[in-house]
Amino acid sequence: MKTSIKMLLGFAGIVLLLVLASDVVLWAYFKKGINGDGTALQFPGKAELYKEKISDLRPFKTIVINSDNVWITNTMRGDSIGIKKDGDEVTANYYRQVGDTLYILPVQQRVTVYCNSVQYIRLAADSLHLNISRLHQPVLEIHALNDCYLDLGRAEVGNFTYKGGENNRIMGNQKSKFDTVDVQLGEYGSIDLQDGAIKNFILKADKMREFSMDELVLLNLTQFKRK
C-alpha cells in the first residue's frame, strides 16, 4: 500500500475519532442541561408553546358559533382574552369580531375561547357541540338549533337560560352551581345533571328522551317547575 494512501486513511480515522468524541461530549452536556459553551439549554415550556397559538381578542358580550367542538373556558392569561384553534399557528381565518359579537366560523379542529364572561351564546347551526367550563358569572343565555350538545363543567351561573330545538342534550357535572336554570327544549331532548347544585329549575319540554339528576343535585334543589 502506498504511503500516501496510508496517510489518507490514518487522517480519516483521526477525524472520525474526533467526531465521535465530540458527539459523546455534547451528549453529556445535553443530559446535564447545558450547551457546549457551558450556558444553560433553553427549552420553550408548555406555557410558551401554548401561548404562541393564541390570538388576542377585543372584549365581547355575544358569541355566535358555526363550528362544531367549541370550548369556552375561563381565561388563564390574566385579564386578557383570546382564541385558539388546535393544530394551527396564529391565524384569523376562523373567527371575526363585529362590535361586541365574536363569530366563530366553521372549521374541523377544536376551537377554544378564553374569556372571563359572556352574556349570550347562539349555536347557529345544527349538530354543534359546546363545552363550557369554569365560567363564573351572574347571567348566561344560550340559544341552539337541532341536535346540539352542551357540556357544563365547574360553571357557576346565577340565572342560566337554555332554549334549544329538537334532540338537544344538556349535561352538567364537575360541581357546577346555578341559582336558577330555565330550560326550553324541542322534542326528544335530554338532560343529565350530576355532581352539582341547582336551587330553582324551570323546564319546558315535550317527549323527552332522558331527564336525570343525581342525589347531590336533588338535595340542593328547592323548587322544580314544569311548564
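This text goes with the structure placed above it.
Quantities reported herein were computed from a predicted structural model and do not represent experimental measurements.

Caption draft 1: Region of interest: empty space enclosed by the protein. If you walk through the whole model with that rule in mind, you get two cavities of 30 Å³ or more. Taken as a whole, the largest cavity holds about 60 Å³ of empty space. Every residue along the wall of the largest cavity is listed here: Leu-152, Phe-160, Ile-170, Phe-178, Val-181, Val-183, Ile-191, Leu-193, Ile-198 and Phe-201. Residue assignment for the lining of the largest cavity shows that the elements contributing at least two residues are strand S14 (177-184), strand S15 (190-193) and strand S16 (197-204). It is S14 that contributes the most residues to the lining of the largest cavity, three residues altogether. Residues of the lining of the largest cavity, tallied by class, amount to ten nonpolar, no polar and no charged. Put simply, the second largest cavity is a space of about 50 Å³. What lines the second largest cavity is Gly-172, Asn-173, Ser-176, Phe-178, Leu-193, Gln-194, Asp-195, Gly-196, Ala-197, Ile-198 and Val-217. Contributing elements (two or more residues each) for the lining of the second largest cavity: strand S13 (169-173) and S16. Split by residue class, the lining of the second largest cavity holds five nonpolar, five polar and one charged.

Caption draft 2: Layout of the packing of aromatic side chains. Across all of its chains, the model carries five aromatic pairs by this definition. For the pair Phe-160 and Phe-178, a centre-to-centre distance of 5.5 Å together with 40 degrees between the ring planes defines the contact as tilted. Taken together, the positions of Phe-160 in strand S12 (residues 156-163) and Phe-178 in strand S14 put the pair 18 residues apart, joining distant regions of the chain. Accessibility assignment for this pair places Phe-160 and Phe-178 in one class, buried. Here Phe-201 and Phe-211 contribute two aromatic rings whose centre-to-centre distance is 5.8 Å and whose plane-to-plane angle is 75 degrees, an arrangement assigned as edge-to-face. Of this pair, Phe-201 sits in strand S16 while Phe-211 sits in strand S17 (residues 210-213), placing them ten residues apart in sequence.

The rules behind these values
Residues numbered from 1 in each chain as written. Predicted model: local features only at pLDDT ≥ 70, side-chain atom pairs only at ≥ 80, totals over all residues. Heavy atoms only, no water. 1 Å grid on protein atoms, 1.4 Å probe; cavity = no way out; pocket = protein on both sides within 12 Å on 5 of 7 lines; lining within 4 Å. Points joined across faces, edges and corners; volume = space filled by probe spheres on them. Helix = DSSP H or I, 4+ residues; strand = E, 2+ residues; numbered from the N terminus. Nonpolar A, V, L, I, M, F, W, Y, C, P; charged D, E, K, R; others polar. Phe/Tyr/Trp six-rings, centres within 6.5 Å; stacked < 30°, edge-to-face > 60°. Buried < 20%, exposed > 50% of the residue type's maximum accessible area, 1.4 Å probe, protein only.

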